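Chain and residue survey
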Amino acid sequence: MEKKVYIKTWGCQMNEHDSDLLQNILKKKKYIIVKNPEISDILILNTCSIREKAQEKVFHQLGRWKKLKDKNNNIIIAVGGCVASQEGIKIFERAKFINIIFGPQTLHKLPNLLNKVTKKNPFFIDIKLKSLKKFNLNFIKTIQKKCVEYVSIIEGCNQFCSFCIVPYTRGKEISRPSKDILLEIKKLSQTGIREIILLGQNVNAYIEKKKNKIYDFSDLLLDISKIDKILRIRYVTSHPKKFTNKLIQLYQKIPKLVNFLHLPVQSGSNRILKLMKRGYTIEEYINLIYQIKKIRPQMVFSSDFIVGYPGETKKDFEKTINLIKNINFDTSFSFLYSSRPGTKASKLKDFLSLEEKKKRLYKLQKIIKLQSFQWRRRMLGTIQNVLVEGVSKKNHVKELFGKTENNRQVYFSGDSSYIGKLVKIKIIEINYNSFLKGKLL
Ligand code: SAH
Ligand code: SF4
Ligand code: F3S
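Residues numbered from 1 in each chain as written. Chains lettered and ligands numbered in written order. Predicted model: local features only at pLDDT ≥ 70, side-chain atom pairs only at ≥ 80, totals over all residues. Heavy atoms only, no water.

A few words now on the site of ligand 3. Contacts to ligand 3 come from Cys-12, Asn-15, Cys-48, Ser-49, Ile-50, Cys-82, Val-166, Arg-170 and Gln-201. Taken together, the residues that form the shell around ligand 3 break down as five nonpolar, three polar and one charged. There are two domains that each give the shell around ligand 3 at least three residues, and those are domain 1 (4–126) and domain 2 (140–258). (Near = heavy atom within 4 Å. Nonpolar A, V, L, I, M, F, W, Y, C, P; charged D, E, K, R; others polar. Domains from an automatic or database assignment.)

Quick look at the structure:
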């Protein structure tokens, strides 16, 4: 009988994409993906380790699943993702009832590992890094219900920002061959995909050595832009340090690149940026934004911020607030600094009280929220390029939805023939929630 699989995932878009790949791989092997853990034969946890008590979150979830396994000992439990990669066998030592530990780069081996599990040999671990095998083109979905898809171009990270666990959990940077990426995107475009979101922790570190030539992220973008049916290109996440002039110039050459860029800065203080080992100054960051805006005045930006990095003074924090006011970000993510095992920053003394950190985060988030709302308000009455993604679930009338270049969801009347098309929409209503209402022009 076909086995039922339940997958629970949290973390970045890359991890979500990994779970999608995993689903495709398992479906090819005739497993059935279900939405209810209670009826599953196999339970998979795909974990993230970027912040807070990631390990505890894993054991809490495993504790809940243990109850299911106590009732049915045939259930197989597999733990993957960045916590698995970071903690390895320690997870099994604390939760002896689990059967498989796999890593972000061994997920393609899961069907094989599942087959190996028996009553006699109930546990296997494989968390080796530096493999691109999970990106095998056979795992691409051939039937699509949507028109936006993620495509991974690079795994791992070499930056070693002092606060970050990713280089330890995902390993060294490794770029996929460009011919595979381009073939994947072509195939996706034939299944109805119109927008591609390129993925990597550091997409602009993408590099391929072709004979004596270097083929970089800009070259890849140019080639992707030549695929006719692809109407829009986004990428996440790019690093300010690796943003070359060549990449900036592409904003002139490739209209398919959206007028929106997520460019994490982390802090507005040069002193903190240096401690974080980010590799750029605030002046360089501002100049980069200025250079891009010179070519594309309509560009809007979003960012990530870490509040309360060890040693962050009130003055440092005020510099971050000033930067936010200065750049006027469209939307941003902000986090309390969280000490991660094995990182450089985890060895630093942290004198700041949690209360003070929370106060700072609250202040920062209030400004970001206000700016974000102001951006939305400014959109009222404007004409936006919208990629139509589908029919709204909420309404029975003919209502479609799509996204603007700056990722705002817009609802408008129209028939389903518009799905997958880029249309001009006049924004006619905004509200405090995230979505907008528009009119097809
Ligand atoms: N590669 C991307 C971001 C990766 S992680 C970049 O370099 O910009 C996503 C975000 O999580 C980071 O931008 C950072 O803001 C946040 N983050 C990473 N490690 C963190 C930590 N230890 N504590 C708090 N936030 C963290
Ligand atoms: Fe982490 Fe820095 Fe790499 Fe981003 S660039 S994944 S923050 S080490
Ligand atoms: Fe989390 Fe790993 Fe992504 S730590 S943010 S799942 S790369």
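Still more to cover.
Once that is clear, we can look at the site of ligand 1. Around ligand 1, 15 residues are found, and the nearest of them are Arg-51, Gln-201, Gln-266, Asp-304 and Ser-338. Measuring from a nitrogen atom of ligand 1, one finds a backbone N or O atom of Phe-163 at 3.0 Å. Contacts to ligand 1 include Asp-304, whose side-chain N or O atom sits 2.6 Å from an oxygen atom. Coverage of ligand 1 by the protein amounts to 91% of the 540 Å² it exposes when considered alone. Residue composition of the shell around ligand 1, by class: seven nonpolar, four polar and four charged. (Polar contact = N/O pair within 3.5 Å; in protein donor to acceptor, adjacent residues only side chain to side chain. Areas by Shrake-Rupley, 256 points an atom, 1.4 Å probe, with all protein chains shown as cover.)

Okay, the sheet that holds strand 13 (residues 232–236) next. Spatially, three strands are ordered 7-10-13 in an open sheet, and the strand pairing comes out parallel. Of all the strands in the sheet, the pair left with one neighbour each is strand 7 (148–152) and strand 13. Ignoring which end each strand starts from, the neighbouring axes of this sheet average 25° apart. In this sheet, strand 10 (residues 195–199) lies alongside strand 7 in parallel orientation, the contact comprising five bridges. Pairing of Glu-149 across the sheet is with Ile-196, part of strand 10. Here helix 7 (residues 178–190) sits on the sheet in contact with strand 7 and strand 10, set at roughly 165° to strand 7. (Pairing = 2+ DSSP bridges. Helix = DSSP H or I, 4+ residues; strand = E, 2+ residues; numbered from the N terminus. Axes fitted to C-alpha atoms, helices over the stretch in contact; angles between N-to-C directions. Contact = heavy atoms within 4.5 Å.)

Within the element layout of this structure, Arg-234 appears in strand 13. On the accessibility criterion, Arg-234 (7% relative accessible area) is buried. Here Thr-404 takes part through its backbone oxygen, which lies 3.1 Å from a polar atom of the side chain of Arg-234. Every residue in contact with Arg-234, bar those within four places of it in the chain, is listed here: Glu-195, Ile-196, Ile-197, Leu-198, Val-258, Phe-260, Thr-404, Glu-405 and Asn-407. (Buried < 20%, exposed > 50% of the residue type's maximum accessible area, 1.4 Å probe, protein only.)

Another aspect to go through is a positive patch on the surface. The grouping of Lys-27, Lys-35, Lys-145 and Lys-393 at the surface amounts to a positive patch. Note that Lys-27 resides in helix 1 (residues 13–28). (Patch = residues over 30% accessible without salt bridge, like charges linked within 9 Å, V, L, I, M, F, W, Y side chains within 5 Å. Salt bridge = Lys/Arg side-chain N within 4 Å of Asp/Glu carboxyl O. Lys, Arg positive; Asp, Glu negative; His and termini not counted. Charge placed at Lys NZ, Arg CZ, Asp CG, Glu CD.)

Right, let's talk about the domain arrangement of the protein chain for a bit. What the domain assignment lists for the protein chain is domain 1 (4–126), domain 2 (140–258) and domain 3 (380–440). Relative to domain 2, the C-alpha centre of domain 1 lies at a distance of 28 Å. Tallying the contact residues gives 15 residues for domain 1 and 16 residues for domain 2. In this assembly, domain 1 packs against domain 2 so that about 1500 Å² is buried in total across both faces, 53% of it on carbon and sulfur atoms. Three residues stand out in domain 1 for area buried against domain 2, namely Gln-13, Met-14 and His-17, and they jointly supply 39% of the buried area on that side. Here domain 1 is connected to domain 2 by one salt bridge. The salt bridge partner of Asp-18 is Arg-170, with a shortest N-O separation of 3.0 Å. (Buried area = accessible area lost by both parts, 1.4 Å probe.)

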